[in-house]
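These are the residues of each chain, in order.
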Amino acid sequence: MKTYYNPEDLKKFGNITELQKAMGDKFFAYYAEVFKEGALTAREKSLIALAVAHAIQCPYCIDAYTSDTLEKGCDEEQMMEAVHVAAAIRGGASLVHGTQMMNKIKEITM
Amino acid sequence: MKSLKALNHTLSNPEEALEILEEQLPNGKKSFQAHLQTIGLFPLKPTQIEIFQVNLGKMCNQVCKHCHVDAGPDRKEIMTRETMLECLRVITHETSIHTVDLTGGAPEMNPEFRWFVTEIRNARPDISILVRCNLTIILANPKYHDLPDFFKENRVEVVSSLPYFTALRTDSQRGDGVFEKSIEALKRLNAVGYGMEGTGLSLNLVYNPSGAFLPGAQDELEREFKKKLLDKFGVHFNSLFAITNIPISRFLDYLIRSENYESYMEKLIDAFNPSAAAGVMCRNTISIGWDGWLYDCDFNQMLEMKVDEKSSQHISKWDGNALLARDIKVNNHCFGCTAGAGSSCGGATA
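Quick look at the structure, then. If you're wondering where the values come from, they're calculated on a predicted model, not measured in any experiment.

Analysis parameters
- Residues numbered from 1 in each chain as written.
- Chains lettered and ligands numbered in written order.
- Predicted model: local features only at pLDDT ≥ 70, side-chain atom pairs only at ≥ 80, totals over all residues.
- Heavy atoms only, no water.
- Helix = DSSP H or I, 4+ residues; strand = E, 2+ residues; numbered from the N terminus.
- Contact = heavy atoms within 4.5 Å.
- Areas by Shrake-Rupley, 256 points an atom, 1.4 Å probe, with all protein chains shown as cover.
- Lys, Arg positive; Asp, Glu negative; His and termini not counted.
- Charge placed at Lys NZ, Arg CZ, Asp CG, Glu CD.
- Expected span 1.5 Å × (residues − 1).
- Buried < 20%, exposed > 50% of the residue type's maximum accessible area, 1.4 Å probe, protein only.
- Arc of directions from axis to C-beta.
- Polar contact = N/O pair within 3.5 Å; in protein donor to acceptor, adjacent residues only side chain to side chain.
- Buried area = accessible area lost by both parts, 1.4 Å probe.
- Salt bridge = Lys/Arg side-chain N within 4 Å of Asp/Glu carboxyl O.
- Nonpolar A, V, L, I, M, F, W, Y, C, P; charged D, E, K, R; others polar.
- Pairing = 2+ DSSP bridges.
- Axes fitted to C-alpha atoms, helices over the stretch in contact; angles between N-to-C directions.
- Phe/Tyr/Trp six-rings, centres within 6.5 Å; stacked < 30°, edge-to-face > 60°.
- Lys NZ or Arg CZ within 6 Å of the ring centre and 35° of its normal.

1. Here's the deal with the overall build of chain B
Turning to step 1, where the next piece is worked out: Across its full length, chain B carries 15 helices and 8 strands.
Turning to step 2, where the next piece is worked out: Projected onto the principal axes, the alpha-carbon positions of chain B cover approximately 55 × 45 × 40 Å.
Turning to step 3, where the next piece is worked out: Residue pairs at least 24 apart in sequence account for 74% of intrachain contacts in chain B once pairs closer than 6 positions are excluded.
Turning to step 4, where the next piece is worked out: In the structure as shown, chain B presents an accessible area of about 14000 Å², 49% of it carried by carbon and sulfur atoms.
Turning to step 5, where the next piece is worked out: Side chains of chain B carry 37 positive and 44 negative charges; the gap between the two charge centres is 3 Å.

See the structure below:
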């Protein structure tokens, strides 16, 4: 069955440089720099990436950062808490707009 | 759970395992030998014989899902005192040996274990003696309760597997209740001074991934383990060794059954690190099987790949110079020791 997402395509990520080398190379160099140990540990960055992957619902990123967080020694509880952080921010982002709705209600009702 | 051998499983036959390893490489990937040739390391040669690793037998009180030895209570193969005497002769006279590494199964279950350790210590007061203790053996029977004191008396370094600092991950790999018992055993080792600052009694833990993924950075894992084990359980230890699971025996069976074999091999091969290849443990180690046959490492031992030196394939025929000149036997399982930061019985190598 054909699908828009194929797990095998993740391995081809590097091939994006074939059509635009300069930008692609800069992106991958930047990517590698971002995930190096810095003020945040590589492990902390991996958990952030896992949460963001869920927030943006990228199947490639979810596969990649599930493996990566496991490799970096995170446990299932920590990983699911990261997903809840993503869910809380996404849910909160919807709910906080409730104040805009409330403002409008005030504006147009007696 | 039974051993693969007791189940008459095809993977208990080393020839079957080697056939898979040789013939089922992921598409487009070159063999381990070809990788070594590319970096000028083939044939792989020893640098020295410094670590003398003795497998005291396949008998164990646990049946871990990833075990490369296929050890368990149903395995009865153990080393005799006669073979141990042959080992002692070599340990005494080969001065390049600085470490005797005792492994199994559960080496403590060999009835000659304490005699052997005492004799090694008497023969070579200067060397390190390591025992790969699965921890739960200390609680398995009252006759093992004094093992921490015995280890201390003989200045034995303890190296113990603890795949994770939670019960969920540890028990899924090593069996129900293993985590709780392991923590209790670690506390007993701490109580006699193991892993405690200033005692000189080393207690090192071994982390290996509980599944088809590679271990992360050893120092970062060690920091996390130290914090969690101390905060949650008050347990101390010295160092953490991060070890990659080698695709043989029960772990190979798991990879094939879970359809992770190809992607795992691909990961190992893509992570091939020339520096790790130069530092592989087989270059300064010799591995002795329970029946006295000699191997380049414990993994080759389980694949029954005896050393490639016909004049000295058995401990009774030991010839140190001939062994030092041998070619080390390799196959595609060796990618497990060269991936990323490398892997050995002492953890990362690069």
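2. Points about helix α4 (residues 76-96) of chain A
For the α-helix, the turn length of 3.6 residues means that residues three or four positions removed from each other point alike.
Turning to step 1, where the next piece is worked out: Here α4 of chain A contains 21 residues, and its C-alpha end-to-end distance of 30 Å stays within 8% of the 30 Å for a straight helix at 1.5 Å per residue.
Turning to step 2, where the next piece is worked out: Within the sequence span of α4 of chain A, burial applies to Q78, M79, A82, V83 and A86 of chain A. Viewed along the axis of α4 of chain A, the buried residues span an arc of 155°, placing them on a single side of the element. Exposed residues lying more than 90 degrees from the buried face of α4 of chain A are E77, E81, H84, A88, S94 and L95 of chain A.
Turning to step 3, where the next piece is worked out: Of the surrounding secondary structure, the elements contacted by the buried residues of α4 of chain A are α2 (42-55) and α3 (59-71) of chain A together with α9 (218-233) of chain B.
Turning to step 4, where the next piece is worked out: Where α4 of chain A begins, one side-chain oxygen reaches toward the backbone nitrogen of E77 of chain A, 3.1 Å away; that side chain belongs to D75 of chain A.

3. Topic: the interface of chain A and chain B
Turning to step 1, where the next piece is worked out: Across the contact, 14 residues belong to chain A and 17 residues belong to chain B.
Turning to step 2, where the next piece is worked out: With both chains or domains summed, chain A and chain B bury close to 1200 Å², and 40% of this area falls on carbon and sulfur atoms.
Turning to step 3, where the next piece is worked out: At the boundary of chain A and chain B, one finds 5 salt bridges.
Turning to step 4, where the next piece is worked out: Put simply, R43 of chain A and E224 of chain B hold a salt bridge, and the shortest N to O gap is 3.0 Å.
Turning to step 5, where the next piece is worked out: Those elements that provide at least two residues to the side of chain A that touches chain B are α2, α3 and α4 of chain A.
Turning to step 6, where the next piece is worked out: Broken down by element, the side of chain A that touches chain B gets its largest block of residues, 3 residues, from α3 of chain A.
Turning to step 7, where the next piece is worked out: Here the side of chain A that touches chain B is composed, by residue class, of 3 nonpolar, 4 polar and 7 charged.

4. As for the sheet that holds strand β4 (residues 156-161) of chain B
Residues and elements named next belong to chain B.
Turning to step 1, where the next piece is worked out: Pairing in this open sheet of 8 strands is mixed, and the strands run β6-β5-β4-β3-β2-β1-β7-β8 from one edge to the other. Every interior strand has two partners, whereas the edge strands, β6 (240-242) and β8 (294-295), have only one.
Turning to step 2, where the next piece is worked out: Sheet topology places strand β5 (residues 203-207) next to β6; 3 bridges connect them, and they run parallel. Its bridge partner being in β6, V206 is matched across the sheet by F241.
Turning to step 3, where the next piece is worked out: Contacting β1 (51-55), β2 (99-103) and β7 (285-288), helix α3 (residues 81-93) crosses the sheet at an angle of about 170° to β1.

5. What about the packing of aromatic side chains?
In this description, an aromatic ring pair is defined by two values, namely the gap between the centres and the angle between the planes.
Turning to step 1, where the next piece is worked out: On inspection of all chains with the given rule, the structure shows 21 aromatic pairs over all chains.
Turning to step 2, where the next piece is worked out: Ring geometry for F165 of chain B against F225 of chain B: centres 5.2 Å apart, planes inclined by 80°, an arrangement best described as edge-to-face. On the criterion of sequence distance, the pair formed by F165 of chain B in the loop between β4 and α7 (167-174) and F225 of chain B in helix α9 is long-range, its members being 60 residues apart. An identical accessibility class is assigned to F165 of chain B and F225 of chain B; each is buried.
Turning to step 3, where the next piece is worked out: Each residue in the set F13, F27, F28, Y31, F35 and Y65 of chain A is aromatic and connected to the rest through ring pairs, giving one cluster.
Turning to step 4, where the next piece is worked out: Just above the ring of W115 of chain B sits the side chain of R81 of chain B; from NZ or CZ to the centre is 4.1 Å.
Turning to step 5, where the next piece is worked out: One residue, R114 of chain B, lies across the ring of F150 of chain B, its end atom 5.2 Å from the ring centre.

6. Observations regarding the pattern of salt bridges
Turning to step 1, where the next piece is worked out: The final tally for this structure, using the stated rule, is 26 salt bridges over all chains.
Turning to step 2, where the next piece is worked out: For D68 of chain A, the salt bridge goes to K72 of chain A, with nearest N and O atoms at 3.0 Å.
Turning to step 3, where the next piece is worked out: Here E86 of chain B and R89 of chain B are joined by a salt bridge, their closest N and O atoms 3.3 Å apart. One end of the pair is E86 of chain B and the other is R89 of chain B, both in helix α3 and 3 residues apart, which spans about a single turn.

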